[in-house]
Amino acid sequence: MGEVDPAFIQALEHQPKIIITEAEGIPLIDLSPLISCNTEAEDSSLVAEIGDACKNWGFFQVINHGVPLKCREKIESAARKFFGLSNEEKKKVSRNEVNPLGYYDTEHTKNVRDWKEVFDLTVKKPTIIPSSHQSDDKELNQLMNQWPEDLPELKEACEEYAEEMAKLAFKLLEFIALSLGLPKTRLSGIFKDHDSFLRLNHYPPCPAPHLVLGVGRHKDPNALTILGQDEVGGLEVKRKADGEWIPVKPTPNAYIINVGDLIQVWSNDEYVSVEHRVMVNSEKERLSIPFFLNPPNSTWVEPLEELINKQNPAKYKPYNWGEFLAKRARSNFEKLDVENIQISHFRI
Ligand code: OGA
Ligand code: NI
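Worth saying up front: this structure is predicted, and the values here are computed from it rather than measured.

### Brief notes about the overall build of the protein chain
Point 1. Helix and strand counts for the protein chain come out as seven helices and 18 strands.
Point 2. Evaluated residue by residue, the protein chain yields a buried proportion of 54% over its 348 residues.
Point 3. Intrachain contacts of the protein chain at a sequence separation of at least 6 include 77% that bridge at least 24 residues.

This is how it looks when you write it as structure tokens:
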């Protein structure tokens, strides 16, 4: 254990099991009807498939999704070059207390350090968020993307990729809305001016993979996440049925989709945001690229009125997305002694 800083060590009950069980994995959904001229019958079977996956797993993989392979190869190659730069070069685009965007290698999840380095950017430029989490504080903070000077291809690759991700996210939102019995554009309509984030995750090899995690157990606070992972694997999903940690098998050119906390609140717990974590590897490094679909920062989030009634009353009080993010950004930056803000804090 000598080689690993104690800040990374997980409590015993959260240390990962290295023996991988051959278990039934998350559903694999073929989206080809979504990108071709589809018939109504094909559409409704896809709606049912996506709805079942959201309900039973909160996670699924998609293939034939319409995102060009070239676009993915380009961002993966640029990301590998970026993480291969010297520490000194990477630190030039470090995030800081004012601007949470850029490079960092000190993120904590549930107050334990993650074995990873990260590069964050926003899709909309610039993005405005409240500068504090106090509702009465009207000061705003402008988030600026930071780009390494000597790697212009990174900016171009990220911008093109983010556009493809947004297109796919909008299509998925339509199918998720239909699966909840809502009009097709009921959810996507909220995102016209979305404040989404793109993240590059690099997990270096680790001498003690049984003690640490690349990302500790967590739920994504946003609406929907679209994750591209390389062939190494390591992502685990907590199966709803029995609470077991199930590995997500890498599938070439697939994307992993998961429902985040916002869909949990809008759907009034019909679809819940599921815990997941990342194991690291003693030999191989791993790259993953999540796109976090976020609504505009001014959005107030609460269960959709179409989905609540006397028998099924709202389970959450309204909360402001931008304020929520501001609070999160603060606690991700420093190790705090209290729990990070969660949607459970708004539960009625
Ligand atoms: C995340 C996350 C999973 C992965 O960044 O929120 O869950 O496989 N990443 O990198
Ligand atoms: Ni996540």
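### Focus on unusual backbone geometry
Point 1. For N111, which is not glycine, the phi torsion reads 65° and is therefore positive.
Point 2. Here N111 shows up in the loop between β4 (108-109) and β5 (112-113).
Point 3. We note that D269 has phi near 75°; this positive angle belongs to a residue other than glycine.
Point 4. Looking at the element boundaries, D269 is found in the loop between α6 (261-266) and β15 (276-278).

### Brief notes about the coordination of the nickel ion (ligand 2)
Point 1. Bound to the nickel ion (ligand 2) on the protein side are H218 (NE2), D220 (OD) and H276 (NE2), at distances that span 2.1 to 2.2 Å.
Point 2. Each donor residue of the nickel ion (ligand 2) lies on one chain, and together they are spaced H-x1-D-x55-H. When sorted by exposure, H218 lands in the same class as D220, which is buried.

### Structural notes on the site of ligand 1
Point 1. Taken together, the neighbourhood of ligand 1 is formed by N201, Y203, H218, D220, L227, L235, H276, V278, R286, S288, P290 and F292.
Point 2. The contact in question runs from an oxygen atom of ligand 1 to an N or O atom on the side chain of N201, over 3.4 Å.
Point 3. Contact with the protein chains removes 95% of the 300 Å² of surface that ligand 1 exposes when unbound.
Point 4. For the shell around ligand 1, the secondary-structure elements that each account for two or more residues are β9 (197-203), β15 and β16 (286-293).
Point 5. If one sorts the elements of the shell around ligand 1 by residue count, β16 sits on top with four residues.

### Observations regarding the sheet that holds strand β13 (residues 245-247)
Point 1. Taken in spatial order, the four strands line up as β10-β15-β12-β13 in an open sheet, and their pairing is antiparallel. Taken across any chain shown, the strands that pair with only one partner, and hence form the sheet edges, are β10 (215-218) and β13. When the angles between neighbouring strand axes are averaged without regard to direction, this sheet yields 20°.
Point 2. The pairing of strand β12 (residues 235-238) with β15 spans three bridges and is classified as antiparallel. Counterpart to E236 in the pairing with β15 is R277.

### Some thoughts on the pairing of β12
Point 1. Bridging between β12 and β13 involves three bridges; their strand directions are antiparallel. By the bridge assignment, V237 is partnered in β13 with I246.

### Observations regarding the side chain of H194
Point 1. Structurally, H194 can be placed in the loop between α5 (152-179) and β9.
Point 2. For H194, a relative accessible area of 13% translates into the label buried.
Point 3. Reaching out from H194, the side chain makes a polar contact with the side chain of S196 at a distance of 2.6 Å.

### A few points about the environment of N145
Point 1. Checked against the element boundaries, N145 lands in the loop between β8 (140-143) and α5.
Point 2. It is 9.0 Å that separates the C-alpha atoms of N145 and T127, two residues lying 18 residues apart in sequence.
Point 3. Ignoring anything within four residues of it in the chain, the contact list for N145 reads L101, L121, T122 and K125.
Point 4. A polar contact of 2.8 Å, which involves the side chain of N145, links it to the backbone nitrogen of T122.

### Some remarks on the packing of helix α3 (residues 69-83) against α5
Point 1. In the contact formed by α3 and α5, the axes pass within 9 Å of each other and the chain directions differ by 140°. Taken together, the axes of α3 and α5 are oblique relative to one another. At the point where α3 passes α5, the crossing takes the left-handed sense. Note on element contacts: α5 touches α3 through E153, L154, E156, A157, C158, E160, Y161 and E164, opposite C71, R72, K74, I75, A78, A79, K81 and F82.
Point 2. Taken together, the residues that form the contact of α3 with α5 break down as nine nonpolar, no polar and seven charged.

### Comments concerning the packing of aromatic side chains
Point 1. All chains considered together, the criterion is met by 10 aromatic pairs.
Point 2. Consider the rings of Y319 and F346, whose centres lie 4.5 Å apart with planes at 10°: the pair is stacked. With Y319 in strand β18 (residues 319-320) and F346 in the segment after α7 (321-333), the pair connects residues that are 27 residues apart, well separated along the chain.
Point 3. Its relative accessible area of 2% is what places Y319 among the buried residues.
Point 4. Overall, the relative accessible area of 17% leaves F346 in the buried class.
Point 5. Over the aromatic face of Y104 sits the side chain of R95, whose NZ or CZ is 3.8 Å from the ring centroid.

Conventions used here
Residues numbered from 1 in each chain as written. Chains lettered and ligands numbered in written order. Predicted model: local features only at pLDDT ≥ 70, side-chain atom pairs only at ≥ 80, totals over all residues. Heavy atoms only, no water. Helix = DSSP H or I, 4+ residues; strand = E, 2+ residues; numbered from the N terminus. Buried < 20%, exposed > 50% of the residue type's maximum accessible area, 1.4 Å probe, protein only. Contact = heavy atoms within 4.5 Å. Donors = N, O, S within 2.8 Å, 3.2 Å for Na, K, Ca; no water. Near = heavy atom within 4 Å. Polar contact = N/O pair within 3.5 Å; in protein donor to acceptor, adjacent residues only side chain to side chain. Areas by Shrake-Rupley, 256 points an atom, 1.4 Å probe, with all protein chains shown as cover. Pairing = 2+ DSSP bridges. Axes fitted to C-alpha atoms, helices over the stretch in contact; angles between N-to-C directions. Parallel < 35°, antiparallel > 145°, perpendicular 65-115°, else oblique. Left-handed = near helix turned anticlockwise from the far one by under 90°. Nonpolar A, V, L, I, M, F, W, Y, C, P; charged D, E, K, R; others polar. Phe/Tyr/Trp six-rings, centres within 6.5 Å; stacked < 30°, edge-to-face > 60°. Lys NZ or Arg CZ within 6 Å of the ring centre and 35° of its normal.

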